[in-house]
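These are the residues of each chain, in order.
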Amino acid sequence: MSNELREIFERRSCRDFDPSKLVTKETLSLILSAGQAGPSAKNRQPYYFVAILNQACRDKIFHAAESGRKKQFAHLSEQEMTTRSTGATGSNDQAISEASAAILVFRASDVNYSEAKDQSENLNIKEEQGVAIAAYSMMLQAEHLGLSTGWICSPLYIEKEIKQILSDYGVKCEDHWKPRVIIPIGYARDKTTKISREPLSSKSTFVA
């Protein structure tokens, strides 16, 4: 496989970080820059990133995420909850704490910007696209730097808790910021894990 494509084809969502290997602020800055380099509709950059090295802060977010997920799936049995929370496709909230750092990605809309009234739904979609592209760009940059990442959606369910935690650490969150994903970043204990994909033929069509 071409080395130029390594970051795309070898990237794996990490579920087992080595907490003894630290990530520096300088490295995180490079990763954040990659996020900002991603495209967004009309270059409005509808996001805000919070890079979290502080262990205690990440621990609190992990526990809030764990509590939020239990509330979300309160209708499930304990066994079903365990199944949802573990394994190759589990929630993996614990990685927020176990990784060396994490980047919390907010959707940060421009409150003074609007489109035609009947286009409000499309504006929402375009902003969500910009946020997702920025997050994935950061994951690819981390992979390029020899780091591993994950994609954890728990912030979707604990907006109030996240904003309170960040406030305790001096981060003033705006009312219009909406947490979308938190990306744990660190060094994997084992990078040999494989993940299967469905045949490309079942997910694509050529129009010649």
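Let me begin by describing the structure that accompanies this report. Treat the numbers as computed from the prediction; the structure is a model and nothing was measured.

1. A short note on a nonpolar patch on the surface
Taken together, Leu 5, Ile 8, Phe 9, Tyr 136 and Trp 151 make up a surface patch of nonpolar side chains, about 460 Å² in accessible area. As for its position among the elements, Ile 8 is in helix α1 (residues 6–10).

2. Observations concerning the pattern of salt bridges
Summed over the entire model, instances satisfying the criterion amount to 12 salt bridges. Put simply, Glu 128 and Arg 107 hold a salt bridge, and the shortest N to O gap is 3.0 Å. Of this pair, Glu 128 sits in helix α6 (residues 120–144) while Arg 107 is found in strand β2 (residues 101–108), placing the two residues 21 residues apart along the sequence. The exposure class assigned to Glu 128 is partly exposed, which follows from its relative accessible area of 29%. The class of Arg 107 is buried, set by a relative accessible area of 9%. In this structure, the salt-bridge partner of Arg 180 is Glu 128, at a minimum N-O distance of 3.0 Å. A residue pair is termed long-range when its members are at least 10 positions apart, and Arg 180 in strand β4 (residues 177–186) and Glu 128 in helix α6 qualify at 52 residues.

3. Considering the packing of aromatic side chains
Scanning the entire structure with this criterion turns up three aromatic pairs. Note on Tyr 48 and Trp 177: the rings are 4.2 Å apart at their centroids and 20° apart in plane angle, and the pair reads as stacked. One end of the pair, Tyr 48, is in strand β1 (residues 47–52); the other, Trp 177, is in strand β4, with 129 residues separating them in the sequence. Classification of Trp 177 by relative accessible area gives buried; the value is 7%. Measuring from centroid to centroid gives 5.3 Å for Phe 106 and Trp 177, while their planes differ by 45°, and the two rings are tilted. Of this pair, Phe 106 sits in strand β2 while Trp 177 sits in strand β4, placing them 71 residues apart in sequence. The burial state of Phe 106 is the same as that of Trp 177; both residues are buried. When the ring centre of Tyr 113 is taken as origin, the NZ or CZ atom of Arg 44, which lies over that ring, is 3.9 Å away.

Procedures and definitions
- Residues numbered from 1 in each chain as written.
- Predicted model: local features only at pLDDT ≥ 70, side-chain atom pairs only at ≥ 80, totals over all residues.
- Heavy atoms only, no water.
- Patch = residues over 30% accessible without salt bridge, like charges linked within 9 Å, V, L, I, M, F, W, Y side chains within 5 Å.
- Areas by Shrake-Rupley, 256 points an atom, 1.4 Å probe, with all protein chains shown as cover.
- Salt bridge = Lys/Arg side-chain N within 4 Å of Asp/Glu carboxyl O.
- Helix = DSSP H or I, 4+ residues; strand = E, 2+ residues; numbered from the N terminus.
- Buried < 20%, exposed > 50% of the residue type's maximum accessible area, 1.4 Å probe, protein only.
- Phe/Tyr/Trp six-rings, centres within 6.5 Å; stacked < 30°, edge-to-face > 60°.
- Lys NZ or Arg CZ within 6 Å of the ring centre and 35° of its normal.

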